[in-house]
Amino acid sequence: MNMPLKHTADATTAEEGLAIQEEQAKFDSKAATDVAMQNTLLTPRFYTTDFDEMDAIDVTPVREDWDHLIDQMESDPNKGHFKKNEDWDHVDWDGMEPGLRKEFIDFLISSCTAEFSGCVLYKEMKRRGNNRDITQLFQLMARDEARHAGFINDALREAGVAVNLGFLTQKKKYTYFRPKFIYYATYLSEKIGYARYITIFRHLEAHPEHRFHPIFKWFREWCNDEFSHGEAFALLMKSDPKLTSGTNVLWIKFFLTAVYATMHVRDHQRPAFHAALGVDPDWYGHEVFTKTSAISKQIFPITLDIEHPRWHRGLKRLQVANADLAQARAGTGPGAWLKRLGAQTRAAAAFLNLLTIPAKKHSVPASTRMEPAY
């Protein structure tokens, strides 16, 4: 008789991982789930798409690299990794500085929602598809994302909160994106996730006194999963050259700008979190943008000019406008409405200013595949 799995880290499919989460949902927090349910420009979203179009993808042009990547993911190097062990230090949640506690819980909830968003999308692609190459890939990626979300929820439960992932699946609003937009957005999400996690991991390797929570010890293996997922989307785009040429280059520029700008604004909403890590958010953002830009040269024919004089100024204007918008939304009456309108106008102008900075062009290499190098 097979013993039931006890932890999402040991699940070999997304379905097994989600079943474990469902069992644990009785302990989850309505407050954390309510935060995860929010839909704003800065919160992680759940996506749906044209699954038939994705199922029609032919990976023959990238077959050699594709098979190598799938073999690597099938070997499952991180099975059993994403759970607490003897390296998990005690966390004094009650003694944590209140501002840091609030921001760190917000970070964990946002991260859990983002990971689970990927799991839901990938699992649905696997369920609806008939193309073995595509369904196999999405099953593997859904497995990884379910583990990540489960691990973050374990950390949240220590703080007395957790996200009811099953409830999110049923109740959170889904945003429709055309497949090519899914490729651009998800590729960048996975690669910037790698750059974020590895930058924090390497910083805390050098400065362990700033490791205020044990989850950061798991970031290296975590970011390697993110890297592999990004590689998969790079190969999907490589299989159809139209996706990275012509007018689609304008869409690539839009998504690069939107993802970078969103990260900047979101990170500056957590000053206590970054202070505890011992990192300046501006330094951290530039490091992450630099790594992500270098990586994205594997498939995108352009990178953003993050050294341009207008770049940092534009991010700061967007950040201030967003802070003013949040403050205005808390108010009522005609005055608050006018302030909201003004902040929204300034935010749109700042984003347009970023979008019009000339991009840097380069040649895309013949072989798309990369290995983690940071």
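Residues numbered from 1 in each chain as written. Predicted model: local features only at pLDDT ≥ 70, side-chain atom pairs only at ≥ 80, totals over all residues. Heavy atoms only, no water.

**Comments concerning helix 13 (residues 309-329)**
Phase 1 of the analysis: Along its 21 residues, helix 13 runs 31 Å from first to last C-alpha, staying within 8% of the 30 Å computed at 1.5 Å per residue.
Phase 2 of the analysis: Within helix 13 the residues assigned to the buried category are Trp-311, Gly-314, Leu-315, Leu-318, Gln-319, Ala-321, Asn-322, Leu-325 and Ala-328.
Phase 3 of the analysis: Close packing links the buried residues of helix 13 with helix 10 (248-267), helix 12 (281-296) and helix 14 (333-355). (Helix = DSSP H or I, 4+ residues; strand = E, 2+ residues; numbered from the N terminus. Expected span 1.5 Å × (residues − 1). Buried < 20%, exposed > 50% of the residue type's maximum accessible area, 1.4 Å probe, protein only. Contact = heavy atoms within 4.5 Å.)

**Remarks on the pattern of salt bridges**
Phase 1 of the analysis: With the rule as written, the count across this model stands at 21 salt bridges.
Phase 2 of the analysis: Put simply, Glu-124 and Arg-128 hold a salt bridge, and the shortest N to O gap is 2.8 Å. Here Arg-128 and Glu-124 lie together in helix 5 (residues 98-128), a separation of four residues that amounts to about one turn.
Phase 3 of the analysis: Residue Asp-324 is joined to Arg-346 by a salt bridge in which the shortest nitrogen-to-oxygen separation is 2.9 Å. Of this pair, Asp-324 sits in helix 13 while Arg-346 sits in helix 14; the two residues are 22 residues apart in sequence, bridging distant segments of the chain.
Phase 4 of the analysis: The class of Arg-346 is partly exposed, set by a relative accessible area of 40%.
Phase 5 of the analysis: Salt bridges here are not isolated pairs; linked through shared partners, they connect Asp-76, Arg-143, Asp-144 and Arg-147. (Salt bridge = Lys/Arg side-chain N within 4 Å of Asp/Glu carboxyl O.)

**Digging into the packing of aromatic side chains**
Phase 1 of the analysis: Counted according to the given criterion, the structure contains 38 aromatic pairs.
Phase 2 of the analysis: Relative to Trp-251, the ring of Phe-181 lies with its centre 4.6 Å away and its plane at 50°, an arrangement referred to as tilted. A residue pair is termed long-range when its members are at least 10 positions apart, and Phe-181 in helix 8 (residues 179-206) and Trp-251 in helix 10 qualify at 70 residues.
Phase 3 of the analysis: Take Trp-251: its relative accessible area is 37%, and that puts it in the partly exposed class.
Phase 4 of the analysis: Here the aromatic rings of Phe-181 and Phe-255 are separated by 5.6 Å at their centres, their planes lie at 35°, and the arrangement is tilted. Of the two residues, Phe-181 is situated in helix 8 and Phe-255 in helix 10; the sequence distance between them amounts to 74 residues. Residue Phe-181 shares its accessibility class with Phe-255, and that shared class is buried.
Phase 5 of the analysis: Positioned above the aromatic ring of Phe-227 is the side chain of Lys-191, whose terminal nitrogen or guanidinium carbon lies 3.3 Å from the ring centre.
Phase 6 of the analysis: Over the face of the ring belonging to Tyr-374 we find Lys-291, whose NZ or CZ atom lies 5.3 Å from the ring centre. (Phe/Tyr/Trp six-rings, centres within 6.5 Å; stacked < 30°, edge-to-face > 60°. Lys NZ or Arg CZ within 6 Å of the ring centre and 35° of its normal.)

Treat this as a map of the structure, not an account of what it does.
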